[in-house]
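One-letter residues, chain by chain:
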Amino acid sequence: MTTDTTPAKSGFHFRDITKMFGGGGTSSLRQFGILGSLIVIIVLFEILTLLRNGPNGATLTSGNLINVINQYSFILILAIGMVMVIIMGHIDLSVGSVAAFTGIIVAKSMTEWNLPWPLAILLGLGVGAAVGAWQGFWVAYVGVPAFIVTLAGMLFFRGAQQFIGDAQTIPVPKGFQIIGTGYLPEVGLPLPFNVPTMILALIAVAWLVFWEIRTRRVQHKMGSDSAPLWVSVTKVVLLSIVVLAAAWMFATGRPGTSFPVPGLILLALVIIYTFVTSKTVFGRHIYAVGGNRQAARLSGVKDRWVDFFVMMNMSVLAALAGMIFVARSQASGPNDGTGWELDAIASVFIGGAAVAGGIGTVIGSIIGGLVMAFLNNGLALLGQGADVVSMIKGLVLLLAVGIDVWNKQQGRPSIIGFMTRRFGRQVEPGTETFEPNKTYQAPPVDKTSGK
């Protein structure tokens with residue numbers, strides 16, 4: 001046995017750039033490509049609105065960024081739950097109807113039953129959990145396909161929402177509206193920006209630095225390949241600049257505004273669900289069942305319980321999204337939630353999830369949702385109608401999945417698979433660990449020995 005002692009070449013290598021946005025010394029190029037597409041879309045609409053309106057573009061302004069967060073936060077929240085459903089190989093068509101159904105119950109509970117708004121929020125989450133448990137039961141324990149269960153749910157809860165509300169608009173009190181229209185408060189300091197918003201940004205930058213240092217230490221301890229130091233420094237600097245610049249725009253908007261409360265809720269959910277899906281046993285079970293249900297079941301994973309929880313979690317997030325929308329609209333109406341499920345599903349697939357399940361990330365889905373959000377927003381700023389917006393969104397979704405499928409049919413590496421897999425590393429026999437986004441198969445049967 002020989003050991004290669006040839007020292008690694010120093011200096012700049014183009015392949016090092018591909019490690020910039022990867023974890024563990026590897027590259028999540030699919031998310032990097034989606035992030036690049038998001039940047040291109042934002043810059044494109046900034047230039048187009050500049051040429052149309054002048055002297056400044058209308059996309060990268062404080063007011064517009066606040067509007068994007070307020071208008072699309074509920075879709076992004078739905079995308080967080082939907083990516084878990086799609087990783088499992090399911091689909092949920094009922095989220096818009098469940099959101100509207102929860103919204104009308106919460107609105108009535110405050111206006112007609114005089115329920116305090118904090119308790120009304122808890123009631124709404126409870127309604128979402130009950131709906132999700134009902135649908136999860138049919139999917140997990142009866143075995144009805146999720147497509148059929150949630151299609152029935154879409155019809156039933158849409159009708160129930162209009163039945164309960166009598167197709168009328170039900171207003172909500174001002175206290176409740178804070179979850180949809182509120183902002184980080186001012187602290188009374190004589191400064192030309194919102195202090196809490198900038199403090200939040202500094203915390204985010206500190207976390208980026210800490211996480212990069214921690215990642216490099218873990219890589220060094222495990223002896224795994226890591227990106228050059230300059231790559232890590234460049235990544236942290238670029239991300240910090242983006243975070244601080246965005247925070248400055250939020251903090252220096254028109255008086256009375258700052259980073260929106262819906263954005264805070266979304267940010268908290270992204271952190272929580274990213275941790276759950278990537279760092280917990282339950283998260284690994286989601287990927288295992290989605291990648292190969294039979295192999296996961298033989299490994300001891302309780303796939304029915306995972307199905308049940310994922311479906312119930314989706315309805316809870318739909319209930320939260322519905323309450324945020326009602327709070328922002330200041331009333332619950334008969335047309336709430338229409339088409340939300342389609343935007344959430346599109347966000348997940350644009351964000352890199354696989355149609356067959358087993359692949360997808362929370363961060364990728366959020367980026368995919370932001371692509372859809374800025375497409376809607378940019379086309380609206382250019383004065384395009386809903387017909388043009390709908391056609392372009394459909395083409396974007398078709399291209400995102402179609403190009404990947406075409407590459408598979410041509411015998412080329414799948415773009416989604418190539419850009420989301422972790423490059424394999426050598427491990428000792430018996431020490432393998434489960435990796436999300438990797439499809440596992442049961443070992444072949446040796447027919448000669450019966451094993």
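Preceding this paragraph is the structure being described.
The structure contained in this document is the topic of the report that follows. (Residues numbered from 1 in each chain as written. Predicted model: local features only at pLDDT ≥ 70, side-chain atom pairs only at ≥ 80, totals over all residues. Heavy atoms only, no water.)

1. With respect to the overall build of the protein
Selection criterion: What counts as a helix is a DSSP run of H or I of at least four residues, what counts as a strand is a run of E of at least two, and both are numbered from the N terminus. Burial status follows relative accessibility: with a 1.4 Å probe on protein chains alone, a residue under 20% of its type maximum counts as buried, one over 50% as exposed, and anything between as partly exposed. In what follows, a contact means two residues having at least one pair of non-hydrogen atoms within 4.5 Å. In short, Shrake-Rupley with a 1.4 Å probe defines the accessible areas, and a residue's cover is counted only from the protein chains shown.
For the protein, the helix and strand inventory stands at 17 helices and 2 strands. When the 451 residues of the protein are sorted by exposure, 47% land in the buried category. Within the protein, contacts between residues at least 6 apart in sequence are counted, and of these 77% link residues at least 24 apart. When the accessible surface of the protein is split by element, carbon and sulfur atoms take 67% of a total near 23,200 Å².

2. Quick look at helix α7 (residues 174-181)
We count it as follows: Within this analysis, the arc is defined by the directions that extend from the helix axis to the C-beta atoms.
Of the positions making up α7, those classed as buried are Phe176, Gln177, Ile179 and Gly180. Taken end-on, α7 shows its buried residues confined to a sector of 145°, consistent with a single buried face. Where α7 is buried, its residues touch α3 (62-87), α4 (95-111), α5 (117-142), α10 (261-279) and α13 (303-329).

3. Some remarks on unusual backbone geometry
In the Ramachandran plot, Asn114 falls in the positive-phi region, its phi being about 55° despite a non-glycine side chain. By secondary structure assignment, the location of Asn114 is in the loop between α4 and α5. Within the chain, Ala167 stands out as a residue other than glycine whose phi angle is a positive 55°. The residue Ala167 is located in the loop between α6 (146-165) and β1 (170-171) in this model. Residue classification places Ala167 among the exposed positions, given a relative accessible area of 51%.

4. What about α5?
What counts is decided by this rule: Expected helix span is given by 1.5 Å per residue-to-residue step, counting one fewer step than there are residues. To get the bend at a given residue, fit one axis to the seven residues ending there, fit another to the seven starting there, and take the angle between those axes.
Between its first and last C-alpha, α5 extends 36 Å over 26 residues, near the 38 Å set by a 1.5 Å rise per residue. Of all the bends in α5, the greatest, near 30°, is centred on Gly136. Taken residue by residue, α5 has Ala120, Ile121, Gly124, Val127, Gly128, Val131, Gly132, Gln135, Gly136, Val139 and Ala140 as its buried positions. Those residues of α5 hidden inside the fold are in contact with α4, α6, α7 and α13.

5. So, the side chain of Glu212
Looking at where Glu212 falls in the secondary structure, it is placed in helix α8 (residues 195-222). Filtering out sequence-adjacent residues up to four positions away, Glu212 remains in contact with Ser232, Lys235 and Val236.

6. Comments concerning the environment of Ile39
Along the polypeptide, Ile39 turns up in helix α2 (residues 29-53). Ile39 gets classed as partly exposed once you look at its relative accessible area, which sits at 49%. Remark: the alpha-carbon pair of Ile39 and Phe374, spanning 335 residues in sequence, is separated by 9.9 Å.

7. Here's the deal with the side chain of Asn194
The line we're drawing: In protein, a polar contact requires one atom able to donate a hydrogen and another able to accept it; more generally it is a pair of N or O atoms within 3.5 Å, and residues adjacent in sequence count only if both atoms are side-chain atoms.
Relative to the elements of secondary structure, Asn194 occurs in the loop between α7 and α8. Side-chain polar atoms of Asn194 contact the side chain of Thr197, separated by 2.7 Å. Setting aside residues up to four positions removed in sequence, Asn194 forms contacts with Leu184, Pro185, Glu186, Ala251 and Ser258.

8. Some thoughts on the pattern of salt bridges
Rules: Basic side-chain nitrogens of Lys or Arg form a salt bridge, by our definition, when they fall within 4 Å of a carboxyl oxygen of Asp or Glu.
Scanning all chains against the criterion turns up 6 salt bridges. Residue Arg293 pairs with Asp303 through a salt bridge whose shortest N-O separation is 3.0 Å. One end of the pair, Arg293, is in helix α12 (residues 293-298); the other, Asp303, is in helix α13, and 10 residues separate them in sequence. Of the residues examined, Arg293 reaches a relative accessible area of 25% and is grouped as partly exposed. The class of Asp303 is buried, set by a relative accessible area of 6%.

9. Some remarks on the nonpolar core
Let me state the cut-off plainly: By convention a nonpolar core is built from buried Ala, Val, Leu, Ile, Met, Phe, Trp, Tyr and Cys residues, the set being connected through side-chain atoms within 4.5 Å.
Core analysis: the biggest nonpolar cluster contains 92 residues, and Leu78, Ile80, Met82 and Phe176 have the highest contact counts within it. It is α3 that provides the largest number of residues to this core, a total of 18 residues. Excluding residues that lie within four positions of it along the chain, Leu78 makes contacts with Val95, Met314, Leu317, Ala318, Ala321, Trp340 and Ala344.

10. Concerning the packing of α3 against helix α14 (residues 340-350)
The cut-off we apply is this: Axes here refer to lines fitted to C-alpha atoms; in helices the fit is confined to the stretch in contact. Angles between the N-to-C directions go from 0 to 180 degrees. A crossing counts as left-handed when the near helix is turned anticlockwise from the far one by less than a right angle, and as right-handed when that turn is clockwise. Residues are sorted three ways: Asp, Glu, Lys and Arg are charged, Ala, Val, Leu, Ile, Met, Phe, Trp, Tyr, Cys and Pro are nonpolar, and all the rest, Gly among them, are polar.
Contact pair α3 / α14: the axes reach a minimum separation of 8 Å and the direction vectors enclose 65°. Remark: the crossing between α3 and α14 carries right-handed chirality. Here Phe74, Ile75, Leu78, Ala79, Met82, Val83 and Ile86 of α3 come into contact with α14, specifically with Trp340, Asp343, Ala344, Ile345, Ser347, Val348 and Phe349. For the contact of α3 with α14, the residue count by class is 12 nonpolar, 1 polar and 1 charged.

11. With respect to a nonpolar patch on the surface
Inclusion rule: In this analysis, a patch consists of residues with relative accessible area above 30% that form no salt bridge, clustered at 9 Å for like charges and at 5 Å for the nonpolar side chains Val, Leu, Ile, Met, Phe, Trp and Tyr.
Taken together, Trp134, Phe137, Trp138, Tyr141, Val142, Trp305 and Phe309 make up a surface patch of nonpolar side chains, about 710 Å² in accessible area. Of all the secondary-structure elements, those providing two or more residues to the nonpolar patch are α5 and α13. The element contributing the most residues to the nonpolar patch is α5, with 5 residues. Along the polypeptide, Trp134 turns up in helix α5.

12. Some thoughts on the packing of aromatic side chains
This is how the line gets drawn: In this analysis, rings of Phe, Tyr and Trp, with Trp reduced to its six-membered ring, are considered paired at centre separations within 6.5 Å, and the interplanar angle assigns stacked below 30 degrees, edge-to-face beyond 60, and tilted for intermediate values.
Across all of its chains, the model carries 15 aromatic pairs by this definition. Measuring from ring centre to ring centre gives 4.8 Å for Phe282 and Phe309, while their planes differ by 80°; the resulting arrangement is edge-to-face. Here Phe309 lies in helix α13 and Phe282 lies in helix α11 (residues 281-291), a separation of 27 residues in the sequence. Owing to a relative accessible area of 30%, Phe309 belongs among the partly exposed residues under this scheme. When the ring of Phe325 is compared with that of Trp340, the centres are 5.0 Å apart and the planes differ by 75°; the resulting orientation is edge-to-face. In this pair, Phe325 is assigned in helix α13 and Trp340 in helix α14, connecting sequence segments 15 residues apart. There is no split in this pair, since Phe325 and Trp340 are both buried. Joined through ring pairs, the aromatic side chains of Trp134, Phe137, Trp138, Tyr141 and Phe308 make up one cluster.

13. So, the packing of α5 against α6
For the pair α5 and α6, the least separation of the axes is 9 Å and the interaxial angle reads 145°. Seen along the crossing, α5 lies across α6 with a hand that is right-handed. Between α5 and α6, the contacting residues are Val131, Gln135, Trp138 and Val139 on the first element and Ala146, Val149, Thr150, Gly153 and Phe157 on the second. For the contact of α5 with α6, the residue count by class is 6 nonpolar, 3 polar and no charged.

That is the geometry; function is a separate question.
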